[in-house]
Amino acid sequence: MQPAALESKKVQSIASHQEFKELPVTSHHGIPIGHPPVPLTAEEERVEMQKAKDHFAQQRELMRINYKEMYAALRAAFPIEKCWPEFRRY
């Protein structure tokens, strides 16, 4: 999935009130008791939306700055020419 598509999906999920929070598991006489997910409040949705936007903006910036090093690491880890000699770099 492309980063822009993932960002769009996350923002849409928050905006359509489909995000939930998990309550902590509690214990009753040593038996764990799970709780059903609870919808986010309006304030929690606002905070989550801002966190998602900040996260994806940070990821875009990291890719913009470090793309050459990331590509070099990919090529070093997976040298296509050695796996497929007929592959020519264009």
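Residues numbered from 1 in each chain as written. Predicted model: local features only at pLDDT ≥ 70, side-chain atom pairs only at ≥ 80, totals over all residues. Heavy atoms only, no water.

## Some remarks on the overall build of the protein chain
Regarding its fold elements, the protein chain presents 3 helices and 4 strands. Counting helices and strands in the order they occur from the N terminus, the protein chain gives α-β-β-β-β-α-α. Over its C-alpha trace the protein chain gives a radius of gyration of 21 Å, far above what one expects of a compact globule, namely 12 Å for 90 residues. Seen along its three principal axes, the alpha-carbon backbone of the protein chain occupies a region of about 65 × 35 × 20 Å. Counting only residues that meet the buried cut, the protein chain has 12% of its 90 residues in that class. Within the protein chain, counting contacts between residues at least 6 apart in sequence, those at least 24 apart form 27% of the total. In the form shown here, the protein chain has an accessible surface area of approximately 7,700 Å², with 62% of it arising from carbon and sulfur atoms. Charged side chains of the protein chain number 13 positive and 12 negative; the gap between the two group centres comes to 8 Å. (Helix = DSSP H or I, 4+ residues; strand = E, 2+ residues; numbered from the N terminus. Rg over C-alpha atoms; globule rule 2.2 N^0.38 Å. Buried < 20%, exposed > 50% of the residue type's maximum accessible area, 1.4 Å probe, protein only. Contact = heavy atoms within 4.5 Å. Areas by Shrake-Rupley, 256 points an atom, 1.4 Å probe, with all protein chains shown as cover. Lys, Arg positive; Asp, Glu negative; His and termini not counted. Charge placed at Lys NZ, Arg CZ, Asp CG, Glu CD.)

## Some details on the side chain of Glu-19
As for its position among the elements, Glu-19 is in the loop between helix 1 (3–15) and strand 1 (20–21). A distance of 2.5 Å separates a polar atom in the side chain of Glu-19 from a polar atom in the side chain of Ser-13. Beyond its immediate sequence surroundings of up to four residues, Glu-19 is in contact with Lys-10, Ser-13, Ile-14, Pro-39 and Leu-40. (Polar contact = N/O pair within 3.5 Å; in protein donor to acceptor, adjacent residues only side chain to side chain.)

## Some remarks on the confidence of the model for the protein chain
With 93% of its residues at a pLDDT of 70 or more, the protein chain has an overall mean of 87. The element-level mean pLDDT for the protein chain is lowest in helix 3 (residues 80–83), coming to 78, with helix 2 (residues 42–77) highest at 94. (pLDDT = per-residue confidence, 0-100.)

## Notes on the pattern of salt bridges
Summed over the entire model, instances satisfying the criterion amount to 6 salt bridges. Of the charged contacts, one joins Glu-7 and Arg-60 as a salt bridge, the two residues approaching to 2.6 Å between their closest N and O atoms. Within this pair, whereas Glu-7 is found in helix 1, its partner Arg-60 is found in helix 2, the two being separated by 53 residues in sequence. A salt bridge links Glu-44 to Lys-21; its shortest N-O distance comes to 2.8 Å. Note that Glu-44 is positioned in helix 2 and Lys-21 in strand 1, a separation of 23 residues in sequence. Of the residues examined, Glu-44 reaches a relative accessible area of 25% and is grouped as partly exposed. (Salt bridge = Lys/Arg side-chain N within 4 Å of Asp/Glu carboxyl O.)

## As for a nonpolar patch on the surface
A cluster of nonpolar residues, Tyr-71, Leu-74, Phe-78 and Trp-84, forms a patch on the protein surface that exposes about 420 Å² of accessible area. By the secondary structure assignment, Leu-74 is in helix 2. (Patch = residues over 30% accessible without salt bridge, like charges linked within 9 Å, V, L, I, M, F, W, Y side chains within 5 Å.)

## As for the environment of Gly-30
Inspection of the secondary structure puts Gly-30 in the loop between strand 2 (26–28) and strand 3 (31–33). Placed 44 residues apart in sequence, Gly-30 and Leu-74 show a C-alpha to C-alpha distance of 48 Å.

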